[in-house]
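Each chain is listed here by its residues.
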Amino acid sequence: MIYLDNAATTKASQAAIDSMIKYAGEDFYNPSAGYAPALAVKKALGKATADIAELLGADSDEIVFTSCATESNNFAFECGVKNKKGNIVVSAGEHASVYESALRLKSRGADVRFVMPDGNGVVTAEALAQVVDGSTAFVSLIHCSNETGAVSDIKALCAAVKSVSPKAVFHSDGVQAFCKIPTDVHDLGVDLYSVSAHKVGGLKGVGALYVRKGFNMQPFIVGGGQQNGRRSGTENTGGIIGFAEAAKIYKNKAAAFDAKALREAVMNVFDGHDGVRINGRGANSGYILSVSFKGLRGEIIAHMAEDEGVLVGLGSACSTHIKSNRVLGAMGVDRDYAEGSIRISFSPDTTKEEAVKGARVILEAARRLGDTVNG
Ligand code: PLP
């Protein structure tokens, strides 16, 4: 099998699996308990928190662990919007966990405004300036698109928002950026930043939200007062400790991995063919390549590729029951192309050979399917 769906999830690193076994087995103690073995677990949790903080360029007391990035994003929207009267700005290219959170606020009467990404999937300062004004209360913009890999300049966008509306809260979904591109949150200037473990070799069911020091965030989940009252619930000790271990390993591997060169090599397989469109030729992490085939259906191409041993994604918003792809639509991709989209995504473990081979299998499947793809 050639696995090219790393934006959906990554294979867990052995360190993450070992942590889960260790903290479910021999070191199973509740980190909130007072006896010595539990204190050792609490200490290990503190070290993991410091490690994740360091990877984000943050301080330990700015990290809140959650059950996933979907929770982190919901938390940001439910508890990060301080000025209920102000308007809320999100991009039309957000992950569903942000997009649906914004729609929920809209259904409660909030003034929610959408900024369109450009044709490459990038949110520009010009586009943002058209919707942000002095009464903007909350902005959420994805750092790296899970659909196309497009990277928006969060530092510049955050500064631009704060110059127009100094009290506005700025959140960014950094799930596909973390450990892949620079995500120093203090440098970015954001107030809130979401990350997820299973995209970087950790286990599923662990996420985190960076909450800037001094930002008085009320809890979303209340109860036993864990994590200094910011998110109750007994911590997923093995998952969190494994997240920190996996993320450090992933970041080291990513530093030695030329994702952009790999993406370029895969793009070369598709370039020059009629009826094939690459979605996103602007700033990109290099880890995701979205390709569309005119007049075809992405899921059929993906099934044909699977029969040949290649696993690819369709893009998160393009699940089997949602026919049209919202994010590609927002970028101006015609429906004719958008419905025939495939998402190919890499990890530092992906080799050029397997990625190029996988791309050839996909192209061949598209050619067999219809006469719209030629050349
Ligand atoms: N945000 C982005 C950009 C994602 O790609 C994902 C995962 O697909 C999420 C949020 C949700 O992450 P999780 O699976 O941890 O809930």
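Residues numbered from 1 in each chain as written. Predicted model: local features only at pLDDT ≥ 70, side-chain atom pairs only at ≥ 80, totals over all residues. Heavy atoms only, no water.

S.K.: Residues and numbers for the site of the ligand, please.
M.R.: Around the ligand, 14 residues are found, and the nearest of them are Thr-70, Asp-173, Gln-176, Ser-196 and Lys-199. His-95 is positioned such that a nitrogen or oxygen atom in its side chain is 3.4 Å from an oxygen atom of the ligand. For the ligand, an oxygen atom lies 2.8 Å from a polar atom in the side chain of Gln-176. In isolation the ligand has 390 Å² of accessible area, and contact with the protein removes 88% of it. (Near = heavy atom within 4 Å. Polar contact = N/O pair within 3.5 Å; in protein donor to acceptor, adjacent residues only side chain to side chain. Areas by Shrake-Rupley, 256 points an atom, 1.4 Å probe, with all protein chains shown as cover.)

S.K.: Describe the sheet that holds strand β9 (residues 276-278), listing the residues and the values that go with them.
M.R.: Taken together, three strands build an open sheet; the order of strands is β9-β10-β12 and the sheet is antiparallel. If you trace the sheet from one side to the other, it starts and ends with β9 and β12 (341-345), each paired once. Mean inter-strand twist for the sheet, computed between neighbouring axes without regard to direction, equals 25 degrees. Of the strand pairs in this sheet, strand β10 (residues 288-293) and β12 are connected by five bridges, and their pairing is antiparallel. Residue pairing across strands places Ile-288 opposite Ser-345, the latter belonging to β12. Strand contacts of helix α9 (residues 259-270): β9, β10 and β12, with the helix running at about 10 degrees to β10, the strand carrying the most contacts. (Pairing = 2+ DSSP bridges. Helix = DSSP H or I, 4+ residues; strand = E, 2+ residues; numbered from the N terminus. Axes fitted to C-alpha atoms, helices over the stretch in contact; angles between N-to-C directions. Contact = heavy atoms within 4.5 Å.)

S.K.: Report on the domain arrangement of the protein, specifying residues and quantitative values.
M.R.: Each assigned domain of the protein is listed with its residue range as follows: domain 1 (14-252) and domain 2 (258-374). Domain 1 puts 25 residues into the contact, and the matching count from domain 2 is 25 residues. When the two sides are added together, the surface that domain 1 and domain 2 hide from each other amounts to roughly 1800 Å², 55% of it contributed by carbon and sulfur. A per-residue breakdown of the area domain 1 buries against domain 2 is headed by Asn-120, Glu-147 and Thr-148, which together make up 34% of the total. At the boundary of domain 1 with domain 2, the tally comes to zero salt bridges. Between the two partners, domain 1 and domain 2, sit nine residue pairs in polar contact (both at pLDDT 80 or more). Residue composition of the side of domain 1 that touches domain 2, grouped by class: eleven nonpolar, ten polar and four charged. (Domains from an automatic or database assignment. Buried area = accessible area lost by both parts, 1.4 Å probe. Salt bridge = Lys/Arg side-chain N within 4 Å of Asp/Glu carboxyl O. Nonpolar A, V, L, I, M, F, W, Y, C, P; charged D, E, K, R; others polar.)

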